[in-house]
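# Coordinate analysis (summary)
Listed below, chain by chain, are the residues.
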Amino acid sequence: MEAPAGPEPGRAQIVTLTMNPALDITTGVDAVRPTDKLRCDTPRYDPGGGGINVARIAHVLGASVEAVFPAGGSTGDLLTSLLDGAGVPYRRVAIGTSTRESFTVNETGTGRQYRFVLPGARLSCRERACCLDELRSAAAAADFVVASGSLPPGVPADFYQRVAELCGELGVRLILDTSGGGLRHVSSGVFLLKASVRELRECVGRPLATEADQLAAAHELVDTGRAHSVLVSLGSHGALLATAHASQRFAAIPSSGGSGVGAGDAMVAAVTVGLGRGWPLVKSVRRGIAAGTAMLMTPGTAACDRAEVERLFALAAEPVDV
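Here is what the cut-offs are and how they apply
- Counting restarts for each chain, with residues numbered from 1 along the sequence as it is written.
- Note on the predicted model: pLDDT of at least 70 is required for a residue's local features to be given, and 80 or more for side-chain atom pairs to be given and counted; whole-chain, interface and lining totals, by contrast, use all residues.
- Side-chain measures were taken over the full set of non-hydrogen atoms in the model, leaving aside hydrogen atoms and water.
- UniProt positions are given in the numbering used here, feature names are shortened, and annotations may be inferred rather than shown by experiment.
- Secondary structure follows DSSP: runs of H or I at least 4 residues long count as helices, runs of E at least 2 residues long count as strands, and numbering of each begins at the N terminus.
- Contacts are assigned to residue pairs with any non-hydrogen atoms lying within 4.5 Å of each other.
- In this text, buried Ala, Val, Leu, Ile, Met, Phe, Trp, Tyr and Cys residues form a nonpolar core when linked through side-chain atoms within 4.5 Å.
- For the exposure calls, accessible area comes from a 1.4 Å probe over protein chains only, and a residue counts as buried if that area is under 20% of its type's maximum, exposed if over 50%, partly exposed in between.
- Note on terminology: pairs of cysteine sulfur atoms within 2.5 Å are recorded as disulfides.
- Should DSSP find at least two bridges between two strands, the strands are regarded as paired.
- Every angle, taken between N-to-C directions, lies between 0 and 180 degrees, and every axis is a line fitted to C-alpha atoms, over only the stretch in contact when it is a helix.
- Any angle that is under 35 degrees is reported as roughly parallel, and any over 145 degrees as roughly antiparallel; angles of 65 to 115 degrees are reported as roughly perpendicular and all others as oblique.
- Each helix crossing is assigned a hand: it is left-handed if the near helix lies turned anticlockwise from the far helix by less than a right angle, otherwise right-handed if that turn is clockwise.
- Basically, the charged four are Asp, Glu, Lys and Arg, the nonpolar ten are Ala, Val, Leu, Ile, Met, Phe, Trp, Tyr, Cys and Pro, and anything else, Gly included, counts as polar.
- Between N or O atoms, a polar contact is any pair within 3.5 Å; within protein, one atom must be a potential hydrogen donor and the other a potential acceptor, and residues adjacent in sequence are included only when both atoms are from side chains.
- Between the rings of Phe, Tyr and Trp (Trp by its six-membered ring), a pair exists once the centres lie within 6.5 Å; its type follows the angle of the planes, with under 30 degrees stacked, over 60 edge-to-face, and the other angles tilted.
- Charge-over-ring placement is defined geometrically: NZ (Lys) or CZ (Arg) within 6 Å of the ring centre, and within 35 degrees of the ring normal.

Labelled according to an unreviewed UniProt entry, the protein chain appears under the name 1-phosphofructokinase family hexose kinase, originating from Mycobacterium helveticum. Here is the UniProt Sequence similarities (unreviewed entry) comment for the protein chain, exactly as written: "Belongs to the carbohydrate kinase PfkB family."

Right, dumping it as structure tokens:
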């Protein structure tokens, strides 16, 4: 069932898992209007999905990384071809249905952005098992597994808990970035959980209107053993970090704005790369904020520039205890 892998991977320190990959298509138009034909700009194509985005950024930042994902059809072929072009090692699990597409339309007249996310390919029981088998093989010698993105149709909501248990068996630290049922059904085994306020709110079932509410919810996940640490991304307001012994606020790095697509994935990638270098979590999070900010300056979901990440990292302030 497995298709040939991409560039010879060797031993990857970071392995990413993307159960719901997508071919990301980005274009622009003067104005989005109903009924009218909208003449769009030349589209840009990027390989997408949370873990794939993390692998691309980690690769740009110089880490040894390998991406594991299911893919099928012509869109799956184009996605893997784009990864080949970027030099990112991967293990593709061939599936019987086509990989989804995601569309981002930038309205140039107003600066608004419209994102259209299609349902993922439905995976069979055998295809799901093959994904776990490939992950087990790839992660056997890794230090970190990053499982990122939503779960597609046909994948049970407790799938990421199974990934956590697999990582525990291998002695690999799991970094998780997901939402919905995939997050709610995780009960243990996560080293670092990254969540937006919306994802955290959905997980605990409370409004989380204030920073104190958000930190309380993050600490709840730590205290109940679901995650060792929780990183809450706040977009233009920075981030919050909850550990067993501390609560910290990280300021955002001033930016002229731009597309936020992939910024959270860039944050996760840079945090993981920092941890892989033996950096403390706080320093790694500062670099993650720099990478997320750098991602705002790229077209579509194009990978950010390593030199720009380093420049912004020098501007990232130390966190404040809260």
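## Notes on the environment of Gly50
By the element assignment, Gly50 lies in helix α1 (residues 50-60). The spacing of Gly50 and Arg128 is 78 residues in sequence and 17 Å in space, taken between C-alpha atoms. Contact partners of Gly50, with chain neighbours within four places excluded, come to Thr18, Ser148, Gly149 and Asp265.

## Comments concerning the nonpolar core
Met19, Phe159, Tyr160 and Val163 are the most contacted members of the largest nonpolar core, which has 50 residues in total. With near-sequence residues (within four places) excluded, Met19 lies in contact with Pro70, Leu123, Cys131, Ser150, Leu151, Pro152, Val155, Phe159 and Tyr160.

## Quick word on the state of the cysteines
This structure, assessed with the given rule, holds 0 disulfides. Cys167 forms no disulfide, and the closest cysteine sulfur to it belongs to Cys131, at a distance of 14 Å. What makes Cys167 buried here is its relative accessible area of 1%.

## What about the sheet that holds strand β3 (residues 44-48)?
Taken in spatial order, the 4 strands make up an open sheet running β3-β2-β6-β7, and their pairing is mixed. Only two strands of the sheet have a single partner each, and these edge strands are β3 and β7 (112-117). Going from strand to strand, the sheet's axes swing by 20 degrees on average, the running direction of each strand aside. Here 8 bridges tie strand β2 (residues 22-29) to strand β6 (residues 100-107), and the two strands are oriented parallel to one another. Residue pairing in the sheet places Val29 in a bridge with Glu107 of β6. Each of β2, β3 and β6 touches helix α2 (residues 73-86); the most contacted strand, β3, lies at about 90 degrees to it.

## So, the packing of α1 against helix α8 (residues 263-276)
The contact between α1 and α8 brings their axes to 8 Å, and the two run at 55 degrees. In terms of orientation, α1 lies oblique with respect to α8. α8 is crossed by α1, and the crossing has right-handed handedness. Contact residues: α1 offers Gly50, Asn53, Val54, Ile57 and Ala58, while α8 offers Asp265, Ala266, Val268, Ala269 and Val273. Across the contact of α1 with α8, the residue classes tally to 7 nonpolar, 2 polar and 1 charged.

## So, the side chain of Thr80
Considering the arrangement of structural elements, one finds Thr80 in helix α2. Accessibility expressed as a relative area gives 5% for Thr80, which makes it buried. Of the polar contacts made by the side chain of Thr80, one reaches the side chain of Arg92; its length is 3.3 Å. In this structure Thr80 touches Phe69, Tyr90 and Arg92, once residues within four positions along its chain are discounted.

## Section: the sheet that holds strand β8 (residues 144-148)
Sheet strands line up and pair through hydrogen bonds in the backbone, either parallel or antiparallel. The strand order across the open sheet formed by 10 strands is β5-β4-β1-β8-β9-β10-β11-β12-β13-β14, and the pairing between neighbours is mixed. Each having just a single partner strand, β5 (90-94) and β14 (320-321) make up the two edges of the open sheet. Where strand β13 (residues 247-250) meets β14, 2 bridges bridge the pair, whose relative direction is antiparallel. Residue pairing across strands places Arg249 opposite Val320, the latter belonging to β14. Contacts from helix α3 (residues 125-139) reach β1 (14-17), β4 (65-71), β5 and β8, with the element oriented near 160 degrees to β5. Contacting β10 (190-196), β11 (227-233), β12 (239-242) and β13, helix α7 (residues 211-223) runs over the sheet at an angle of about 155 degrees to β11.

## Digging into the packing of aromatic side chains
The description of an aromatic ring pair rests on the distance of the ring centres and on the angle between the ring planes. Per the counting criterion, the structure on display carries 3 aromatic pairs. Between Trp279 and Phe313 the ring centres are 5.7 Å apart and the planes differ by 15 degrees, which places this aromatic pair in the stacked class. Residue Trp279 is located in the loop between α8 and α9 (281-295), and its partner Phe313 is located in helix α10 (residues 306-313); the two are separated by 34 residues in the primary sequence. Over the face of the ring belonging to Phe191 we find Arg173, whose NZ or CZ atom lies 5.1 Å from the ring centre. Note that Lys283 overlies the ring of Trp279, its terminal NZ or CZ placed 4.2 Å from the centroid.

## Some remarks on unusual backbone geometry
A positive phi angle is found at Thr35, which is not glycine, with a value near 75 degrees. Its place among the elements puts Thr35 in the loop between β2 and β3. Positive phi, normally seen in glycine, also occurs at Leu208, with a value near 55 degrees. Its place among the elements puts Leu208 in the loop between α6 (197-204) and α7.

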